[in-house]
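# Architecture and fold: a report
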Amino acid sequence: MSFYVTTPIYYVNSTPHIGHAYTTIAADIVVRHRRQRGEETFFLTGTDEHGSNIPRVAEEAGLELREFVDRNAAAFQEMTVRVNASNDFFVRTTDPRHGALVQEFLQRIYERGDIYEGVYAGLYCTRCEAFYTEAELVDGLCPQHGIPPDFVEEKNYFFRLSAYQEALLRLYDERREIVLPSFRYNEARSFIERGLDDISVSRASQRWGVPIPWDTSQVVYVWVDALINYWSALGFARADEDLRPRFWPEVRHFLAKDILKFHCVIWPALLLAAGLEVPRQLFVHGYLLLDERKISKSAGNVIDPLDLIDVYGVDPVRFYLFRVATFGQDGSISLQGLHERYERELGNELGNLLSRTTAMVARYRDGRLRAAEVSGALGAQIDRVGGEVPARLDEFDLTGALELVWELVRSLNRHVEQSAPWELAKDESRAAELDRVLYELGDGLRAVAVAVASFVPDASERILSALGQPLELGWERVAAGRFVETDAIEPAPPLFPRVDAPTPAG
Ligand code: ME8
């Protein structure tokens, strides 16, 4: 089965912050896990470069449009690399190959009769790139950004979204899992139930965008242009193959709740209108908050993920984001919280477990770890991780999956304390018992390394190397008793070395 994952394509009018990194890392964890299960995967991320305010923001920055979007797209590309995302392609909407497919997509809808000409008069927020009714404004301001909307009146092309209400409701009834978590499904469905207005799909007063194919005096509305990336990129990501037959519609879109309506309502309707299949699934997650407020450029409370990665490394950041909050809900993050979990969970619980295990094998057995039976309870727990983590991740419960692995880490720590290998080592008659405990610790840590590889890929590799195990991540290895005998274990250096605590101000 093929499995295709996307992140939103991020606006280049801002530079990447931790909120963007969050979605990219979530999608990466899920796709890495699917690869471990041997599935055929494709992971897409990218940038949305045609916003109506891009020309103004570029001018304010004193840069040519091209140069401006290239620079900020490069910043998002760098973020993607630094968070260790394993994306297969990075799409940019200013790529002419994308533009050509946007035109083809819209032309199809036009020819099938669901686009007509009309006059748009109304309020528009350039930050959201969305139209608002008076009733939706809060004190006359955009509900998301708190800025006054512009009054816009122009001849536009409209998409007959209203004609798709019935089809969308049918779709939602037939596919209860199309939108997850279920409370987001309910939110999207009730939005559709309330009735849908047609939407403008072109802008007459702009030049920065993809020209409408049958009327090049107008450009395609940026949201329509952007959504189509999920389908278009498959068409040109590989020079020698159109990937759409392989991966469409096996797509799982990841996004936050700010853009639910575009993804869960407008996007499926556009696809239906173009005669294409709708996405397999959409996962709508919550916001990362700092001091109770959404982290965003407009709130001015952004955290640069690259700063955190410079201090802690990439794995701790990937780990923390899915430990601190239940994926799907809003969650508050803090520098103190990251530091605290780094020391307690990564440093002490996982890092020390590896240091102690390898040191004991080196000291008591000269680096040699022989096969032994894994005891009932521990073996069963390892096998449970192998069975249940995939089920959690299939529902995108990243936090639950990580917790299951962490319970195993804690059991292994308890095992060290309870079996006290340093006592066993003093008594020659208990040598077989010591062999067994060391094997259980080695095998348990090995299983943890494979199970947690999608969350903390570098640490996983370092654990396997320290244990002299092959760097093979096939999910079938998350089972008890798969340790490969070795005689080369040396005391491992700290997996997560000490880092200075952040200062209260920073
Ligand atoms: O909306 N918490 O781009 P964008 C969690 N170009 N996630 C966050 C976040 C936060 N505080 N802040 C941002 C756009 N995100 C459009 C998308 S797709 C066809 C076009 C993440 O740069 C989250 O995924 O504003 C959110 O949906 C996305 O960034 C918005 O990115």
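Above: the structure in question.
The rules behind these values
- Residues numbered from 1 in each chain as written.
- Predicted model: local features only at pLDDT ≥ 70, side-chain atom pairs only at ≥ 80, totals over all residues.
- Heavy atoms only, no water.
- Near = heavy atom within 4 Å.
- Polar contact = N/O pair within 3.5 Å; in protein donor to acceptor, adjacent residues only side chain to side chain.
- Areas by Shrake-Rupley, 256 points an atom, 1.4 Å probe, with all protein chains shown as cover.
- Nonpolar A, V, L, I, M, F, W, Y, C, P; charged D, E, K, R; others polar.
- Pairing = 2+ DSSP bridges.
- Helix = DSSP H or I, 4+ residues; strand = E, 2+ residues; numbered from the N terminus.
- Core = buried A, V, L, I, M, F, W, Y, C linked by side-chain atoms within 4.5 Å.
- Buried < 20%, exposed > 50% of the residue type's maximum accessible area, 1.4 Å probe, protein only.
- Contact = heavy atoms within 4.5 Å.
- Axes fitted to C-alpha atoms, helices over the stretch in contact; angles between N-to-C directions.
- Expected span 1.5 Å × (residues − 1).
- Bend = angle between axes of the 7 residues up to and from the residue.
- Salt bridge = Lys/Arg side-chain N within 4 Å of Asp/Glu carboxyl O.

This paragraph deals with the site of the ligand. Around the ligand sit 25 residues in total, of which I9, T23, D48, L288 and I295 are the nearest. D258 is positioned with one of its side-chain polar atoms (N or O) 2.9 Å from an oxygen atom of the ligand. Within the backbone of I295, an N or O atom sits 2.9 Å from a nitrogen atom of the ligand. For the ligand, whose accessible area on its own is 680 Å², the fraction buried by protein is 94%. Of the residues belonging to the shell around the ligand, the class tally is 14 nonpolar, eight polar and three charged.

Another aspect to go through is the pairing of strand 11 (residues 215-220). Relative to strand 11, strand 9 (residues 202-203) runs antiparallel, the two being bridged by two bridges. Looking across to strand 11, one finds that R203 is bridged to V219. Pairing analysis gives two bridges linking strand 10 (residues 211-212) to strand 11, with the strands arranged antiparallel. Paired with P211 across the bridge in strand 11 is V219.

Residues I18, L321, F322, L350, L398 and F455 are the most contacted members of the largest nonpolar core, which totals 91 residues. Here this core takes 11 residues from helix 17 (residues 431-451), the largest share from any one element. With residues up to four places along the chain from it excluded, the contact list for F322 reads Y22, I25, A26, I29, F327, L398, T399, L402 and F455. Grouped together as the second largest cluster of nonpolar side chains are 77 residues, F105, L168, A233 and L270 included.

Looking at where T47 falls in the secondary structure, it is placed in strand 2 (residues 40-48). The exposure class assigned to T47 is buried, which follows from its relative accessible area of 0%.

Further remarks concern the sheet that holds strand 2. Overall, parallel pairing links the six strands, which are arranged 3-2-1-12-13-7 in an open sheet. Two strands close off the open sheet at either side, each with one partner strand: strand 3 (89-92) and strand 7 (179-180). Strand direction decides the pairing type here: strand 1 (residues 2-11) and strand 12 (residues 251-256), joined by three bridges, are parallel. Its bridge partner being in strand 12, Y4 is matched across the sheet by V251. The strands touched by helix 1 (residues 18-36) are strand 1, strand 2, strand 12 and strand 13 (281-285); relative to strand 1, the strand with the most contacts, the crossing angle is about 170 degrees. In the packing of helix 3 (residues 65-82) onto the sheet, contacts are made with strand 1, strand 2 and strand 3, and the angle to strand 3 comes to roughly 155 degrees.

All right, on to the side chain of Q381 then. Within the secondary structure layout, Q381 lies in helix 14 (residues 376-394). Among all residues touching Q381, those that are not within four sequence positions of it are E407, L408 and S411.

Turning our attention to helix 14. Counted at 1.5 Å a residue, the expected span for helix 14 with its 19 residues is 27 Å, and the 28 Å between its end C-alpha atoms agrees. In the structure, helix 14 departs most strongly from a straight axis at E388, where the bend amounts to approximately 25 degrees and where the proline P390 lies between one and four residues downstream. When helix 14 is considered as a whole, its buried residues turn out to be L378, G379, Q381, I382, V385, G386, V389, P390 and L393. On its buried side, helix 14 packs onto helix 1, helix 15 (398-419) and helix 17. Remark: F396 follows helix 14 within two positions and exhibits a positive phi of approximately 60 degrees.

So, on to the pattern of salt bridges. Going through the model one piece at a time under the given rule, you end up with 47 salt bridges. Across the salt bridge formed by D28 and R318, the nearest N and O atoms sit 2.8 Å from each other. With a gap of 290 residues between them, D28 in helix 1 and R318 in helix 12 (residues 314-324) connect regions that are remote in the sequence. Comparing D28 with R318, the two get one shared label, buried. Between D114 and R160 there is a salt bridge; the shortest N-O distance is 3.8 Å. Residue D114 is located in the loop between helix 4 (96-111) and strand 4 (115-125), and its partner R160 is located in the loop between strand 6 (150-159) and helix 5 (165-174); the two are separated by 46 residues in the primary sequence. Here the salt bridges do not stand alone but share partners, grouping R323, E340, R341, R344, E345, E349, E403 and R410 into one network.

In this section: helix 15. Helical geometry note: an α-helix holds 3.6 residues per turn, so side chains three or four residues apart project in the same direction. Compared with the 32 Å implied by 1.5 Å per residue over 22 residues, the 32 Å span of helix 15 between its first and last C-alpha is a close match. Along helix 15, 16 of the 22 residues are buried, which leaves the element largely enclosed by surrounding structure. Of the residues one or two after helix 15, A420 is the one with positive phi, at around 40 degrees.

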